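This is what each chain is made of:
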Amino acid sequence: MTGAGISARPVYLVADLGGTTLRAGWARAGDLTVSGVRRVAVDGITRYPGLSAGELQARVVDQLVRLLRECSLTAPRSPSAVAVAFAGPVGRTGTVVDAPTIWGPRGPELPLARILGREFAVPALVLNDVTAAGWRYAASDGGEDDDYFCMVTVSSGVGNKVFRRGEVLLPDDGRGGEIGHLRVDFAADAPWCDCGDRGHLGAVASGRGALHAAGVLARRFPGAFARSVLSAACAGDPGRLSAQQVAAGVRSQDAFAVRAVTPGVRHLGRTLAALHTALGVGRFVVMGGFARAAGEPYLRLLGEEMAKAGGFLLPPAAAGGLLQPGAPDDDDGLLGSLRRLERSGSPRAAIPKPAFPAAGTS
Ligand SMILES: [Zn+2]
């Protein structure tokens, strides 16, 4: 392609708004790379725990618009569309239904796609972040193959989305794919979930859950802890341990670390086995910071636990084969949003405001 051809191509703005980090950049239509990426800490509940959900919403929207504008200034031309991967359930029209990790539990709904469409005067797409990631891993044939898979994220929380033939399987209000808020631990002192309830899968099987479990086990079995790589990593003080260190311990197959995460992995494995047994999902793409850091030993353990629970359809040797690691980077939200924009064709021609008509709920 000539230089003139490249410069005539539309430019998109994309962002990934998570519980702790907001990233944004720009990309040319036809390129699957994002340029000029800027990263800031989110002005949400983590930074301002005393503010109301409404105040946090206003701050986060301001921050998102500001960052996208900064990216737009470094782009070679004005954007033709904006897409945002968002850490919470999002309805078909791009309205955020809930965002416990960003503005706390049960905040008011936020028509984010409409707000961004008005701010930038272009079509705006807001997708749940796990849904966005799914577009990165979906078969690129537009759904002609029977591509049937489940995205699973294991990071500070746990979430999922099921895709089939180029469609994400969700109702119009976007409520679904929230296995992280299924209660799996019914003990009175089960760990708290970020939604404000106890014992949810996201509190037990996430990176946070693994850290909590390692701390409890370290206090119960100080001798075993002292012999583990986790003790060496935190100078013997379980209070200083991080989820990242627990993940690294699992990756190095440290017996104590594996023992600490196994109950949480078991709950996740049972939940995935239920999905497989109920729906026949063909593959599970396991993404998220904790799963990525814990690596292949973590996926193997998860496969073993899935096989124990889902033996009717899943002989032990087959379960691990259903699990596929996500890409070894942190770009699922940005690249998936971009790919979703590319799939919708020319936004000028095909995308009415305020939301996208075809191919899916976010
Ligand atoms: Zn929850």
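Please refer to the structure placed before this passage.
Notes on the structure in this doc start here. (Residues numbered from 1 in each chain as written. Predicted model: local features only at pLDDT ≥ 70, side-chain atom pairs only at ≥ 80, totals over all residues.)

### Regarding the packing of helix α5 (residues 129-137) against helix α14 (residues 332-343)
Where α5 meets α14, the closest approach of the two axes is 7 Å, and the angle between their N-to-C directions is 65°. Classed by the angle they form, the pair α5 and α14 counts as roughly perpendicular. Where α5 crosses over α14, the handedness of that crossing is left-handed. Across from Asp129, Ala132, Ala133, Gly134, Trp135 and Arg136 in α5, the residues of α14 making contact are Asp332, Gly333, Leu335, Gly336, Ser337, Arg339, Arg340 and Arg343. (Axes fitted to C-alpha atoms, helices over the stretch in contact; angles between N-to-C directions. Helix = DSSP H or I, 4+ residues; strand = E, 2+ residues; numbered from the N terminus. Parallel < 35°, antiparallel > 145°, perpendicular 65-115°, else oblique. Left-handed = near helix turned anticlockwise from the far one by under 90°. Contact = placed C-beta atoms within 7 Å.)

### A few points about the nonpolar core
Across soluble globular proteins, nonpolar side chains have a tendency to be buried as a group. Counting residues in hydrophobic clusters, the biggest one holds 102 residues, and the most contacted among them are Val84, Ala214 and Val246. In this structure, this core is formed jointly by two domains, domain 1 (3-138 + 331-350) and domain 2 (178-325), each of which donates at least three residues. Among all residues touching Val84, those that are not within four sequence positions of it are Ala15, Leu17, Leu64, Leu112, Leu116, Val126 and Ser337. (Core = buried A, V, L, I, M, F, W, Y, C linked by C-beta atoms within 7 Å. Buried ≥ 20, exposed ≤ 12 C-beta atoms within 10 Å, placed from the backbone. Domains from an automatic or database assignment.)

### Some details on the pairing of strand β3 (residues 35-41)
Here strand β2 (residues 21-28) runs beside β3; their pairing, made up of five bridges, is antiparallel. Within the sheet, the bridge partner assigned to Ala24 lies in β3 and is Arg38. Counted between consecutive antiparallel strands, the loop separating β2 from β3 contains six residues, among which Gly30 sits at a positive phi close to 95°. (Pairing = 2+ DSSP bridges.)

### Considerations on the environment of Ser35
Looking at the secondary structure, you find Ser35 in strand β3. You can call Ser35 partly exposed: it has 14 C-beta atoms within 10 Å. The contact partners of Ser35, leaving out residues within four places of it in the chain, are Gly25, Trp26 and Ala27.

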